[in-house]
Amino acid sequence: MISFEELKRSFLVSLWFVFLTFPILVIKANPIERTIIWRWENMFFVAIGSFVLSILIRVVNTQKTKRLERRSASDSDTTPSEPLIQVILQNPRYLYPLEGAVTVFALVFPYLFDTYQTNIMTTALMYVVLGLGLNIVVGMAGLLDLGFVAFYAVGAYSYALLNAHFGIGFWMALPIGALFAASFGIILGFPVLRLRGDYLAIVTLGFGEIIRLILENWNEFSQGPSGISNIPRPGMFGIELSLEAAILYIYYIMVALVIVTIFVVNRLQDSRLGRAWIALREDEIACQAMGIDKTKTKLTAFALGATWAGMMGVIFAAKTTFINPASFTFLESAIILSIVVLGGMGSILGVIVGALVLILLPEYLRALSDYRMLAFGAILVVMMIFKPQGIISNVRRTYKYQKQKSGDVQ
């Protein structure tokens, strides 16, 4: 049963939603006729919908709490069963066919959908790689980086300026942009070695804004707010590609980079360096007491995370053929960080799903017209309520000691 106190809280929630959405859903101005249309029925729908949704969430949470209490009371010695997704990920018999099916779907995607859908999917794949890069810094090493977009900008401007001044092509600029971004990651890492938590976040945020302001005000170097245009798209053995062919070519480049990134990040996660990152995230003092070089571990995390951001910056410049500082604001860093948090910090599959949800969902909700972003925000709120650890949370490694019985052979 729902108590009166919970009904009261749900009622307050509905009033709060009505207050937040009132200027958007109720008031509609007509600038031509200079009139205002009051859509009071929308306020009623928001109030009823938010109230019912709040009640449902409270009922589900109550049932879940009771079920966990009964399970713990009935059998406290047995370990809880793993989620289905974790069973699939840990069993090669299920995992390999799933990976094969996803790979085949990615390869035939451009032939099943139009050019616009392919272009949107390319953008989503770019954010998958950006999310996996930031996942190294935030999800594995536990270093809150709010200026990740700075490395993205370094990669983009590296290709644009090298091509404009030295005629360097895309394939040569790709590793150079990654190297420049990694260098900036090390430069950022040195001043913040002693910082943690909020202080680290503020410094990285300032670093990202410094890079953006330099690009915006140093006109002789970066063309300032006007940006750099006519950036060439990737070439294929010197063959000039049409617009549709170039979009298809960049899409397959991104598919290959996503596969390589997943493989490398997965190997890093299971390596000695990956375990050092996780130890640094859990307890920095204990990590240093165990003999792990904290300086090397932090700098490596910043450098490797920035490497993928630099590569994606090069691809972004080649894909759009135009860049300016407005493309690298704090909002980009917030979106990439949201991908990591929403998907599941430290979880590779979670980051992939989070990137696809955050980038593709607003596009496919365009049918809702004026209510598109409202529906998008509501979906994210519901997802974080029911999955606070992320869509696919990472499984923490645990070690269980089982005492040997006296009758067993030693």
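Look a little higher up for the structure.
My aim in this report is to walk through the structure given alongside it, one point at a time.

About the criteria used
- Residues numbered from 1 in each chain as written.
- Predicted model: local features only at pLDDT ≥ 70, side-chain atom pairs only at ≥ 80, totals over all residues.
- Heavy atoms only, no water.
- Helix = DSSP H or I, 4+ residues; strand = E, 2+ residues; numbered from the N terminus.
- Buried < 20%, exposed > 50% of the residue type's maximum accessible area, 1.4 Å probe, protein only.
- Contact = heavy atoms within 4.5 Å.
- Areas by Shrake-Rupley, 256 points an atom, 1.4 Å probe, with all protein chains shown as cover.
- Pairing = 2+ DSSP bridges.
- Salt bridge = Lys/Arg side-chain N within 4 Å of Asp/Glu carboxyl O.

## Some words on the overall build of the protein chain
Per the secondary structure count, the protein chain includes 16 helices and 2 strands. Considering the protein chain as a whole, with its 410 residues, one finds that 40% of them fall into the buried category. Look at the contacts in the protein chain between residues 6 or more apart in sequence, and 73% of them connect residues 24 or more apart. Total accessible area computed for the protein chain in this model is approximately 23800 Å², and 66% of it derives from carbon and sulfur atoms.

## Here's the deal with the pairing of strand 2 (residues 35–38)
Sheet topology places strand 1 (residues 27–30) next to strand 2; 4 bridges connect them, and they run antiparallel. Within strand 2, the position partnered with A29 by the bridge is I36. Where strand 1 hands over to strand 2, the hairpin turn is made up of 4 residues, of which R34 adopts a positive phi near 55°.

## Here's the deal with the pattern of salt bridges
One side chain can pair with another of opposite charge once the charged atoms of both are near each other. Under the criterion given, the structure shown has 3 salt bridges. Residue R212 pairs with E209 through a salt bridge whose shortest N-O separation is 2.9 Å. Placement of the pair is R212 and E209 together in helix 8 (residues 197–217), with a separation of 3 residues, close to one helical turn. For R212, a relative accessible area of 19% gives the class buried. What makes E209 partly exposed here is its relative accessible area of 24%.

## Topic: the environment of L7
With respect to the helices and strands, the residue L7 is situated in helix 1 (residues 4–26). Along the primary structure L7 and S54 are separated by 47 residues, whereas in three dimensions their C-alpha atoms are 9.0 Å apart.

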